[in-house]
Amino acid sequence: MPEAVIVATARSPIGRAAKGSLRDLRPDDLAATIVQAALDKVPQLDPATVEDLYLGCGLPGGEQGFNMARVVATLLGLDGLPGATLTRYCASSLQTTRMAMHAIRAGEGDVFISAGVETVSRYARGSADGLPSAAQALVGGGWENPRFDTAVARNQARAQGGAPVWHDPRADGELPDIYLAMGQTAENLAGLHNVSREEMDEFGVRSQNLAEKAIANGFWSREITPVTTPDGTVVSTDDGPRPGVTLEGVSGLKPVFRPDGRITAGNCCPLNDGAAAVIIMSDTRARELGITPLARIVSTGVTALSPEIMGLGPVEASRQALARAGMTIDDVDLVEINEAFAAQVIPSYQQLGIPLDKLNVNGGAIAVGHPFGMTGARITGTLINSLSWHDKSIGLETMCVGGGQGMAMVIERLN
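Only a predicted model underlies this, so the values are computations on that prediction, with no experimental measurement involved.

Describing the overall build of the chain
In terms of regular secondary structure, the chain is built from 13 helices and 12 strands. On C-alpha atoms alone, the chain measures out to a radius of gyration of 20 Å, which is about the 22 Å that the 2.2 N^0.38 rule sets for 415 residues. For the chain, buried positions account for 59% of its 415 residues. Summing over all exposed atoms, the chain offers an accessible surface of approximately 15300 Å²; the carbon and sulfur share of this is 50%. Taking the average place of the 33 positive charges on the side chains of the chain and the average place of its 46 negative ones, the gap between the two points comes to 2 Å.

What follows is the structure, encoded as structure tokens:
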């Protein structure tokens with residue numbers, strides 16, 4: 001059975017939604033720029049031989065609609081390249097990597113592009129297409145469905161009352177709220193696992209301080225492809241990281257989701273724009289082309305849990321991926337957990353037994369951002385970058401997923 005290896009990665013800077021540096025870039029144009037940047041890193045590869053382009057997008061619609069993967073292929077002049085756009089929300093472009101791995105291992109192709117994009121700045125607003133806006137999906141909740149009316153009403157009441165501890169609705173014969181705002185799920189976890197506001201703020205400050213250090217030492221610049229906006233501005237750095245963040249400053253921020261809640265702008269990710277791409281080959285094709293792979297995909301895992309505590313998704317997904325790899329967490333050198341909320345990262349890494357000195361060692365999404373469809377591919381590139389930077393071998397990437405899922409991938413650095 002052929003192995004699936006990663007031979008190139010690329011990502012854009014990450015902009016803040018609505019007011020950030022990438023707000024005027026269309027998602028298909030941005031994705032095309034980054035896919036081309038990844039292809040440029042392997043000049044031995046003839047793009048016409050790529051089997052398929054899989055593009056992850058958390059919230060496809062508007063400019064992010066019309067099977068954007070095929071749009072990107074056409075923009076690149078690759079009329080013979082098929083494309084498929086899919087969503088697994090926050091793990092969309094980790095799912096596309098998984099699909100490429102499966103196809104290679106099944107012997108149904110040797111070269112694939114796994115990419116992801118999200119431009120929340122330009123997402124279709126309103127409800128004409130039956131979908132919530134990106135901001136509603138992350139912050140304010142979703143749309144209505146009669147089956148979930150009870151769950152929605154229950155959670156609205158809990159939010160207004162600042163209820164501190166999550167109670168499993170199925171114990172009372174009710175459905176969980178799959179449309180619950182992600183911030184509310186984080187508040188549920190904070191109460192359920194007694195994660196204090198101070199702990200969350202400390203983790204948020206850690207993310208910002210580590211990202212600031214990694215900017216200064218050149219870590220982040222190694223993986224960012226500068227992009228040019230329509231007005232000719234060249235953007236080469238992430239909008240999110242803030243210098244000099246302190247616990248004193250963050251502790252003064254007000255809760256966002258519940259009157260007496262613990263989630264603030266200082267301990268959760270912002271809304272963002274960005275794109276990333278990964279070129280994946282069979283190990284046999286890489287050898288034929290004389291390409292030295294960056295990493296081998298060892299295993300993946302995907303699991304599910306109640307939507308109302310979706311933030312614990314990394315726990316079982318990581319255990320599944322590690323079991324399939326024949327490994328334990330002790331075999332892993334570095335871990336990247338997507339920092340949607342400190343409230344979910346903290347109990348996740350604690351339950352998995354991950355030492356802090358192995359976790360998000362250059363900062364995470366609280367600092368650099370989380371464009372939903374981009375994040376899976378972005379973290380893959382960051383993990384490979386980090387394994388190389390620290391001269392380590394085994395890495396684990398994992399994240400929670402809106403709607404109540406978790407996803408994970410184990411990789412082995414080869415170069």
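Description of helix α7 (residues 197–216)
In this model α7 runs 29 Å from its N-terminal to its C-terminal C-alpha over 20 residues, within 8% of the 28 Å that 1.5 Å per residue would give. Contacts from the buried residues of α7 go to α6 (182–192), α8 (247–250), α11 (342–352) and α12 (365–368). At the C-terminal side of α7, G218 shows a positive phi close to 90°.

Remarks on the side chain of T96
Turning to its location among the elements, T96 is positioned in helix α3 (residues 92–105). For T96, a relative accessible area of 0% gives the class buried. Ignoring any residue separated from it by four or fewer positions in sequence, one finds T96 in contact with Y54, L55, G56, L86, S114 and A115.

Re the pairing of strand β3 (residues 52–56)
Along β3, five of the five residues are buried, which leaves the element largely enclosed by surrounding structure. Taking every second residue as pointing to the same face, both faces of β3 are buried, with D52, Y54 and G56 on one and L53 and L55 on the other. In terms of strand pairing, β3 meets strand β5 (residues 111–119) through five bridges, oriented parallel. Residue L55 lies in a different strand from β5, and its bridge partner there is A115. Of the pairings in the sheet, the one linking β3 to strand β4 (residues 83–86) comprises four bridges and is parallel in character. Opposite L53, over in β4, you have G83 as the bridge partner. You can see the chain leave β3, run along helix α2 (residues 68–75) and come back into β4, and the turn it takes is right-handed.

Comments concerning helix α10 (residues 313–325)
Residues spaced three or four apart along an α-helix point in a common direction, a consequence of the helix completing one turn every 3.6 residues. The first and last C-alpha atoms of α10 sit 19 Å apart over 13 residues, in line with the 18 Å expected at 1.5 Å per residue. Regarding α10, the residues found buried are G313, P314, V315, A317, S318, A321 and L322. Contacts made by the buried residues of α10 are with β9 (295–304), β10 (334–337), α11, β11 (394–401) and β12 (405–413). A positive phi of about 70° marks G326, the residue just after α10.

Some points on the pattern of salt bridges
Close approach of charged atoms allows side chains of opposite charge to pair. Tallying each qualifying case throughout the model produces 13 salt bridges. Of the charged contacts, one joins E3 and R296 as a salt bridge, the two residues approaching to 3.6 Å between their closest N and O atoms. With E3 in the segment before β1 (4–11) and R296 in strand β9, the pair connects residues that are 293 residues apart, well separated along the chain. The class for R296 is partly exposed, based on a relative accessible area of 22%.

Quick word on the packing of helix α1 (residues 27–40) against α2
At a minimum axis separation of 9 Å, α1 and α2 run at an interaxial angle of 60°. Of the possible angle classes, the one that applies to α1 and α2 is oblique. Crossing geometry of α1 relative to α2 is assigned as right-handed. Counting all contacts with α1, which are made through P27, D28, D29, A31, A32 and V35, the residues of α2 involved are M68, V71, V72 and L75. Taken together, the residues that form the contact of α1 with α2 break down as eight nonpolar, no polar and two charged.

Examining the packing of aromatic side chains
According to the stated counting rule, one finds six aromatic pairs in the structure shown. Aromatic side chains F219 and W389 sit 5.7 Å apart centroid to centroid with 90° between the ring planes, which places their arrangement in the edge-to-face category. A residue pair is termed long-range when its members are at least 10 positions apart, and F219 in the loop between α7 and β6 (227–228) and W389 in helix α13 (residues 372–389) qualify at 170 residues. Residue F219 is classed as buried on the basis of its relative accessible area, which comes to 0%.

Observations regarding the packing of α7 against α11
Where α7 contacts α11, the axes come no closer than 9 Å and their chain directions differ by 90°. Classified by the interaxial angle, the pair formed by α7 and α11 is roughly perpendicular. Contact residues: α7 offers E199, M200 and F203, while α11 offers A342, A343, V345, I346, Y349 and Q350. When grouped by side-chain class, the residues that make up the contact of α7 with α11 number seven nonpolar, one polar and one charged.

Digging into unusual backbone geometry
Unlike most non-glycine residues, A18 shows phi in positive territory, near 75°. With respect to the helices and strands, A18 occurs in the loop between β2 (15–16) and α1. Of note, F66 is a non-glycine position whose phi angle comes to about 60°, a positive value.

Calculation rules
Every chain is numbered independently, its residues counted from 1 as its sequence is written. The predicted origin of the model limits local features to residues at a pLDDT of at least 70 and limits the giving and counting of side-chain atom pairs to 80 or more, whereas totals for whole chains, interfaces and linings rest on all residues. Calculation of side-chain values draws on the structure's entire complement of heavy atoms; hydrogens and water are dropped beforehand. Segments assigned H or I by DSSP are reported as helices when at least four residues long, segments assigned E as strands when at least two residues long, and all are numbered from the N terminus. With C-alpha atoms as the basis for the radius of gyration, the globule rule is written as 2.2 Å multiplied by the number of residues raised to the power 0.38. Exposure is judged per residue with a 1.4 Å probe applied to protein chains only, and the accessible area is read against the type maximum: over 50% gives exposed, under 20% gives buried, and values in between give partly exposed. The method behind every accessible area is Shrake-Rupley, applied with a 1.4 Å probe, and residues are considered shielded solely by the protein chains displayed. His residues and chain termini do not enter the charge count, which takes Lys and Arg as positive and Asp and Glu as negative. To locate a charge, take NZ of a lysine, CZ of an arginine, CG of an aspartate or CD of a glutamate. Given a helix with a known number of residues, its expected span is that number minus one, times 1.5 Å. Any two residues whose heavy atoms approach within 4.5 Å at even a single point are treated as in contact. Strand pairing requires that DSSP identify at least two bridges connecting the strands. Looking down the strands as they point away from the viewer, one classifies a crossover as right-handed if the path from the first strand across the helix to the second runs clockwise. We define a salt bridge as a side-chain nitrogen of Lys or Arg found within 4 Å of a carboxyl oxygen belonging to Asp or Glu. Note on geometry: axes are C-alpha line fits, over the in-contact stretch for helices, and angles between N-to-C directions span 0 to 180 degrees. Note that the term roughly parallel is reserved for angles under 35 degrees, roughly antiparallel for angles over 145, roughly perpendicular for angles of 65 to 115, and oblique for everything else. For a crossing to be left-handed, the near helix must be turned anticlockwise from the far one by less than a right angle; the clockwise case is right-handed. Three classes are used: nonpolar for Ala, Val, Leu, Ile, Met, Phe, Trp, Tyr, Cys and Pro, charged for Asp, Glu, Lys and Arg, and polar for all others, with Gly counted as polar. Whether two aromatic rings pair depends on their centres lying within 6.5 Å, for rings of Phe, Tyr and Trp, where Trp uses its six-membered ring; planes under 30 degrees apart make the pair stacked, over 60 edge-to-face, and the rest tilted.

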